[in-house]
Amino acid sequence: MAHDCSFLADLSLDGEVSFGESARESHAADFGAEERGEGVIPDAVVWPESTEEVSAVLSAANDRRVPVTPYAAGTSLEGNAVPAHRGVSLDLSRMDAVLDVRPDDFQIDVEPGLLGAQVDEAVASEGLFFPPLPSSGDISTVGGMIANDASGMKTVKYGEVSDWVLELEVVLADGSVITTGSKAVKTSSGYNLKDLFVGSEGTLGVVTRATLELAGRPEQVRGARALFPTLDDAAEAVFDAVRSGVDVATIELVDGDSARMANAYTGTDLPDVPTVFLEFHANHGVEREIEFCRGVFADHDLRRFDAAEEDAMDDLWQARKDLAYAIQLWDPDLTALHPGDVTVPISDYPEMVQFVKERADERDLLVPCFGHAGDGNLHYSVLVDEDDPERVEAAHALYEATIEKAIDLGGTATGEHGIGLGKREFLDAEHGPETVEAMRRLKRAFDPRDTLNPGKMFPETADGERVRAESEQSE
Ligand SMILES: Cc1cc2nc3c(=O)[nH]c(=O)nc-3n(C[C@H](O)[C@H](O)[C@H](O)COP(=O)(O)OP(=O)(O)OC[C@H]3O[C@@H](n4cnc5c(N)ncnc54)[C@H](O)[C@@H]3O)c2cc1C
C-alpha cells in the first residue's frame, strides 16, 4: 500500500527529501534482497542530517501511521533494510561524523552513517582499532552493524559488535530521544536498554550516536594458512584449536569449492582444498603461539602449514572478504539462494559442516561453505538453476534442513546477518513461542503503531496485519 508522504516537504529539513524514482528504487533492496530479485520501492527517501531531523521525521510519520525503515549502506543479506511496507526509507548515511576520540579511555563517539573502516582510520594514529568489524567493514556503517549486531573475522578473540558498544543515543518511534548505556566500561544501573537496541534491526529505535570501545593494536600480527585433505579434518582441527586454548585472533574455514570461486574472482591461486586461514595477535611470544597451533593441527592430517607476516596475507584475506561476490558471479546459470549463516557450539562444528556437505552430495548440489569457524559460524550458499523447479525444491530443502539441524544442536539460524525478511520463519523454532511473544510485547511497548521497519523479525507480521491490528486495539 502506498502512503502519502507529502508531510515530509513541510518539515523544512536541512537534509534531502526525495520522491524521485531513482532515489526510491535505489532504496528498494539491500544486498541480499537484490541478489534474489526481491525488493519493495518506498514512497519517499529522506537523508536526515541530525538527531533532531530523525526525530521530526519519526514523530510526523508515527502520527500518520506511515512506516519508516532505517537504511544505511544496504549491505544486509536478509532483506533487513527493505521497506517491506513502503513508506519512508530513512537513509542515515549522511550522518557520518566522528564526534570525539578519547584515546586515554579507548573510546570514540560517532554518528551512525560512518563506515566501519573509517572508525579504524580515525583512531589508527593513536595505535587503536575497532576489533569486531565484519568482513564488509569497509562498505557498511556503524549504525547497520549495531542494528544487525554484526561480527567478523576477529570475533573469536575479541567478540561481536555488542561487546564494543558502550552508549547509544536512540530516537524512538514517536520521535522521543533517549540515551542508554554509559561511558564507564561497566554499569549495573537500570534496565540494559542499550543491548536491546543492538541487534534489533531498526525495529525498536534509530541509533543517532554511538560511543564505541576500542582496543590497542597488537605489536605482533602474523598470518598463517593450513591445508587439509578433507573438510572433516579441517573442521576437527578448528574445534581442537579452540578447545586447546590456542590464542588466535582469526580462524576462518574455506572449503575447496569456495577456494576455486575465490581464485576465479580475485585472481588468487589458493589451492582448491579445505583451508584454514589464521591471524595471531600478541604483544610478545607470537611465534610460540603459532607453533602451538601447528602442533594441534598436526593431529588432523595437516598437509601443509605456512606462517607469514601480516602483509603477505593481504591477498588471501581479500579473497576471503570477496567470497560473497565470488560465489554470486561463479556461474551465470546458477543463482545463490539465501545465504546460510548458522552458528553452533564449537564442539558441534565438525558435525554441522559434515551435515551440509553430505546433504549437498546426496542431492548433487553445489554448496560452497566457508565462515568464521572459530565462532562455530558456517556460511553456505546453495547454487541452483532457477529454471529447474525440482532442483530449486531440493536446494530449499537443504537450506532449511541445515538451519533445523543448527537449532537442534543448540545453535542459531543466524550468527550475524539477523532475521530481516529471510529468517522470520525460524524464529519460533529457535526461541519457542513464549519467548517470541515476549519479544512481540517489547516491540509493541516501544513501537505501538508498528512504525519502525514493519514486516521484519516476526513471522506473522509478513502482511503487517497482526501487529497493526493489535496496536490499534491497545490505543
Ligand atoms: C560482501 C559482504 C560481506 C559481509 N560480511 C559480513 C560479516 O563478516 N559479518 C556480518 O555480521 N555481516 C556481514 N555482512 C552483512 C552486512 O554487511 C552487515 O550486517 C552490516 O553490518 C550491515 O550494515 P549496513 O550499513 O549495510 O546496514 P543496512 O544493510 O543498510 O541496514 C541493516 C539493518 O540496520 C537497520 N539500520 C541501519 N541503520 C540504522 C540506524 N542508524 N539505527 C537503527 N537501525 C539501523 C536497517 O533498518 C536494517 O535493518 C556482509 C555483507 C556483504 C555484502
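Residues numbered from 1 in each chain as written. Predicted model: local features only at pLDDT ≥ 70, side-chain atom pairs only at ≥ 80, totals over all residues.

1. A look at the overall build of the protein
Helix and strand counts for the protein come out as 17 helices and 20 strands. Taking 23 Å as the expected radius of gyration for a compact globule of 475 residues, we find that the protein reaches 22 Å, a close match to that expectation. The C-alpha extent of the protein, read off along each of the three principal axes, is 65 × 60 × 40 Å. Of all 475 residues assigned to the protein, the portion counted as buried reaches 51%. (Helix = DSSP H or I, 4+ residues; strand = E, 2+ residues; numbered from the N terminus. Rg over C-alpha atoms; globule rule 2.2 N^0.38 Å. Buried ≥ 20, exposed ≤ 12 C-beta atoms within 10 Å, placed from the backbone.)

2. Overview of the packing of helix H8 (residues 231-243) against helix H13 (residues 349-362)
Running from N to C, H8 and H13 point in directions that differ by 160 degrees, and their axes come no closer than 8 Å. Looking at the two axes, H8 sits roughly antiparallel to H13. For the crossing formed where H8 meets H13, the hand is right-handed. Contacts between H8 and H13 involve Leu231, Asp232, Ala235, Glu236, Val238 and Phe239 from the first element and Tyr349, Pro350, Val353, Gln354 and Lys357 from the second. Tallied by class, the residues present in the contact of H8 with H13 amount to seven nonpolar, one polar and three charged. (Axes fitted to C-alpha atoms, helices over the stretch in contact; angles between N-to-C directions. Parallel < 35°, antiparallel > 145°, perpendicular 65-115°, else oblique. Left-handed = near helix turned anticlockwise from the far one by under 90°. Contact = placed C-beta atoms within 7 Å. Nonpolar A, V, L, I, M, F, W, Y, C, P; charged D, E, K, R; others polar.)

3. Remarks on the nonpolar core
Val238, Ala241, Val248, Val276, Met352, Val356 and Val382 are the most contacted members of the largest nonpolar core, which has 68 residues in total. Looking at this core, the element that brings in the most residues is H8, giving eight residues. Among the domains, domain 3 (218-327) and domain 4 (331-448) are the pair contributing at least three residues each to this core. With sequence-adjacent residues up to four places away left out, Met352 is seen in contact with Val342, Val344, Leu378, Lys405, Ala406 and Leu409. Formed by 58 residues, the second largest nonpolar core is a distinct cluster that contains Leu8, Phe130, Trp164 and Val198. (Core = buried A, V, L, I, M, F, W, Y, C linked by C-beta atoms within 7 Å. Domains from an automatic or database assignment.)

4. Quick notes on the domain arrangement of the protein
Split into domains, the protein comes out as domain 1 (6-91), domain 2 (98-216), domain 3 (218-327) and domain 4 (331-448). Using C-alpha coordinates to define each centre, domain 1 is positioned 22 Å away from domain 2. If you look at the interface, domain 1 gives 15 residues, while domain 2 gives 20 residues. When residues of the side of domain 1 that touches domain 2 are traced back to their parent elements, those giving at least two are helix H3 (51-63) and strand S3 (68-71). Ranked by residue count, the leading element in the side of domain 1 that touches domain 2 is H3, at seven residues. Residue composition of the side of domain 1 that touches domain 2, by class: seven nonpolar, eight polar and no charged.

5. A word on the packing of H13 against helix H14 (residues 389-408)
Across the interface, H13 lies against H14 with an axial gap of 10 Å and an inter-helix angle of 160 degrees. Viewed along their axes, H13 and H14 adopt a mutual orientation that is roughly antiparallel. Seen from above, H13 lies across H14 with right-handed handedness. Along the contact surface, H13 presents Met352, Phe355, Val356, Arg359 and Ala360, while H14 presents Leu398, Ala401, Thr402, Lys405 and Ala406. Here the residues of the contact of H13 with H14 sort into seven nonpolar, one polar and two charged.

6. Details of the pairing of strand S19 (residues 377-380)
Both faces of S19 are covered, namely the face carrying Asn377 and His379 and the face carrying Leu378 and Tyr380. Sheet analysis places strand S17 (residues 340-343) next to S19, joined by four bridges and oriented antiparallel. In the strand pairing of S19, Gly340 is matched with Tyr380. Note: strand S18 (residues 369-371) against S19, two bridges, orientation antiparallel. Paired with Cys369 across the strands is Tyr380, a residue of S19. Once S18 ends, the chain turns through five residues before running back antiparallel as S19, passing Gly376 with a positive phi of about 80 degrees. (Pairing = 2+ DSSP bridges.)

7. Focus on the sheet that holds strand S15 (residues 304-309)
In spatial order, the strands read S15-S12-S14-S13-S18-S19-S17; together these seven strands make up an open sheet with antiparallel pairing. Because the sheet does not close on itself, it has two edges, and the strands there are S15 and S17. In this sheet, adjacent strand axes meet at a mean angle of 20 degrees when their direction is disregarded. Two strands pair when backbone bridges link them, and strand S12 (residues 220-227) and strand S14 (residues 275-282) are joined in this way by eight bridges, in the antiparallel orientation. Within S14, the position partnered with Ala226 by the bridge is Val276. In the packing of H8 onto the sheet, the strands contacted are S12, strand S13 (250-254) and S14, and the crossing angle to S13 comes to about 165 degrees.

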